[in-house]
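Descriptive analysis of the structure
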Amino acid sequence: MLEHIFVIGGTGNIGTKAVKDLLSNGIKVTLYARNPTKALCLFPDYDALLTIVQGDYSDLMPFYDAIKKGRYTRLLLLVQIDSGNMNAPLLKKQLATAAYEAGVSQVVDISSYAAGDRWRYNFAAEDHWASEKTLMEIPNRSSLVCLRPGRLASNIVDFDIHAIKHLNMYPGSAEPDETMGWISPNDVGTVAGRMLMDDVAKHGDAVYEMIGEVLTPRKTAAVISTVVGREIPYVHMDPIARYTMLTDKAGLPHRIAYALTDLNENGIQVTRALPILLGRKPETLEEYLMAYKDQLM
Ligand SMILES: NC(=O)c1ccc[n+]([C@@H]2O[C@H](COP(=O)([O-])OP(=O)(O)OC[C@H]3O[C@@H](n4cnc5c(N)ncnc54)[C@H](OP(=O)(O)O)[C@@H]3O)[C@@H](O)[C@H]2O)c1
């Protein structure tokens, strides 16, 4: 049977890379996207392989219709867990259950390193752990691969750009020399794509942690300085000041701002075997950020 892969979350940092890799390997992809124009612009020149189903988390009818009617072989499941007040584990369960019932042989789930770290210690640990558990417990399901990325390099572009550009600093509440575990979303997308093209039986119900590079906040600021071509020091903030910056200035809800202020990954290790999954070395933070140099300057 020819591969035809259904993708949820294919227009973001991780999903875009996975979808590009699938399409460039001649694999048919159907994207569940709330903004079809954005989706089509991201993947030009693939009209023959790409189908868009317009839809949102808030109404899954377009998804249910599409997954029942198509003859999809696998599902890439990326749900933005901090999107509004939705119940992410329940949403993931509904999506994956419908896909398994429609006959997919594999679901590749984008989880988080936090899912296997301290139990329920923050929103990401809680939601991703509960999501993995609920997916594992779907009756009569086929393969489930969970990818557990560490801190995405795209966070710097998505969340720190104002501080870097306008305040000339990289702020945080971590001690300047404690460790942080980074991974490029391109690497997560690459591995997701490879899983979806690989033999299903090879990976079965595998769980793969993904830490590509370990840096301290001070070293991270040095990398950002190299990329933008001027000194961007790490500014260590006390927890209340950092939390206030994240809520009042960045507009983050309490649950996320609290978790980001409290996050402590000291002692985190690089995933030694990651090059086996990637087929190459992991992308460094500097390599990733170079592509966003103009936005960060
Ligand atoms: N940030 C981290 O450090 C980190 C670490 C570990 C794991 N993770 C996990 O990685 C995932 C985020 O990956 P990412 O950076 O690729 O995310 P992203 O760039 O924010 O992309 C999110 C994707 O979900 C879609 N989406 C968002 N809300 C939607 C809705 N209401 N209905 C339908 N689609 C919706 C987006 O569509 P649009 O294009 O329309 O926005 C996009 O395709 C999350 O599950 C997160 O928990 C993140």
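Everything discussed here concerns the structure shown above.
To keep things clear, this report deals only with the structure shown in the data block. (Residues numbered from 1 in each chain as written. Predicted model: local features only at pLDDT ≥ 70, side-chain atom pairs only at ≥ 80, totals over all residues.)

The next thing to look at is the nonpolar core. Judged by nonpolar contacts, the single largest core of 75 residues is most densely connected at Leu 76, Leu 77, Ala 99, Leu 147 and Ala 192. The biggest single contributor to this core is helix H4 (residues 88-101), with 6 residues. (Core = buried A, V, L, I, M, F, W, Y, C linked by C-beta atoms within 7 Å. Buried ≥ 20, exposed ≤ 12 C-beta atoms within 10 Å, placed from the backbone. Helix = DSSP H or I, 4+ residues; strand = E, 2+ residues; numbered from the N terminus.)

Although it is not a glycine, Asp 45 adopts a positive phi angle of roughly 75 degrees. Within the secondary structure layout, Asp 45 lies in the loop between helix H2 (36-42) and strand S3 (50-54). Although it is not a glycine, Asn 168 adopts a positive phi angle of roughly 55 degrees. Mapped onto the elements, Asn 168 comes out in the loop between helix H7 (161-166) and strand S8 (170-172).

Running from N to C, helix H1 (residues 13-24) and helix H8 (residues 185-197) cross one another at 45 degrees; their axes reach a closest spacing of 7 Å. The orientation of H1 with respect to H8, classified from their angle, is oblique. The handedness of the crossing between H1 and H8 comes out as right-handed. Only Pro 185, Asn 186, Val 188, Gly 189, Thr 190, Ala 192, Gly 193 and Leu 196 of H8 make contact with H1, whose side of the interface consists of Asn 13, Ile 14, Gly 15, Thr 16, Lys 17, Ala 18, Asp 21 and Leu 22. For the contact of H1 with H8, the per-class residue count stands at 7 nonpolar, 7 polar and 2 charged. (Axes fitted to C-alpha atoms, helices over the stretch in contact; angles between N-to-C directions. Parallel < 35°, antiparallel > 145°, perpendicular 65-115°, else oblique. Left-handed = near helix turned anticlockwise from the far one by under 90°. Contact = placed C-beta atoms within 7 Å. Nonpolar A, V, L, I, M, F, W, Y, C, P; charged D, E, K, R; others polar.)

Time to look at the sheet that holds strand S7 (residues 151-152). Strand order in the open sheet made by the 3 strands is S7-S9-S11, with mixed pairing throughout. The open sheet is flanked by S7 and strand S11 (213-215), the only strands paired with a single partner. (Pairing = 2+ DSSP bridges.)

Taken together, 26 residues lie near the ligand, and Thr 11, Gly 12, Asn 13, Ile 14 and Ser 112 sit nearest. Those elements that place two or more of their residues in the shell around the ligand are H1, S7 and helix H6 (154-159). Ranked by residues supplied to the shell around the ligand, first place goes to H1 with 3 residues. Split by residue class, the shell around the ligand holds 10 nonpolar, 12 polar and 4 charged. (Near = placed C-beta within 6 Å.)

With that out of the way, let us pick up the pairing of strand S9 (residues 180-183). Going residue by residue along S9, you find Met 180 and Trp 182 tucked away on one face and Gly 181 and Ile 183 tucked away on the opposite face as well. Taken together, the 2 bridges between S7 and S9 define a ladder with parallel strand orientation. Pairing of Arg 151 across the sheet is with Trp 182, part of S9.

On to the sheet that holds strand S1 (residues 4-8). Here 7 strands make up an open sheet; going across it, the order is S3-S2-S1-S4-S5-S6-S10 and the pairing parallel. Bordering the open sheet on either side are S3 and strand S10 (207-210), each of which pairs with just one other strand. Taken pair by pair, the neighbouring strands of this sheet meet at an average axis angle of 15 degrees, ignoring direction. Of the strand pairs in this sheet, S1 and strand S2 (residues 28-33) are connected by 5 bridges, and their pairing is parallel. Directly across from Ile 5, in S2, lies its bridge partner Val 29. Strands in contact with helix H3 (residues 61-69) are S1, S2 and S3; relative to S3, the strand with the most contacts, it is inclined by about 145 degrees.

Examined against the element boundaries, Lys 249 turns out to sit in helix H11 (residues 239-249). In this structure Lys 249 comes out as exposed when scored by C-beta crowding, with 11 C-beta atoms within 10 Å. Sequence spacing of Lys 249 and His 162 is 87 residues, and the spatial spacing of their C-alpha atoms is 9.8 Å.

The description of two helices packed together rests on the angle between their axes and the distance between the axes. Direction vectors running N to C along H4 and helix H5 (residues 123-136) enclose 30 degrees, while the axes themselves pass 8 Å from each other. Comparing their axes, H5 and H4 come out roughly parallel. Relative to H5, the crossing made by H4 is right-handed. Residues Ala 88, Pro 89, Lys 92, Lys 93 and Ala 96 of H4 pack against Asp 127, Ala 130, Ser 131, Thr 134 and Leu 135 of H5.

Between its first and last C-alpha atoms H1 spans 17 Å; for 12 residues at 1.5 Å apiece the expected length is 16 Å, and the two agree. Regarding H1, the residues found buried are Asn 13, Ile 14, Gly 15, Lys 17, Ala 18, Val 19 and Leu 22. Directly beyond the C-terminal end of H1, a positive phi value near 80 degrees is found at Gly 26. (Expected span 1.5 Å × (residues − 1).)

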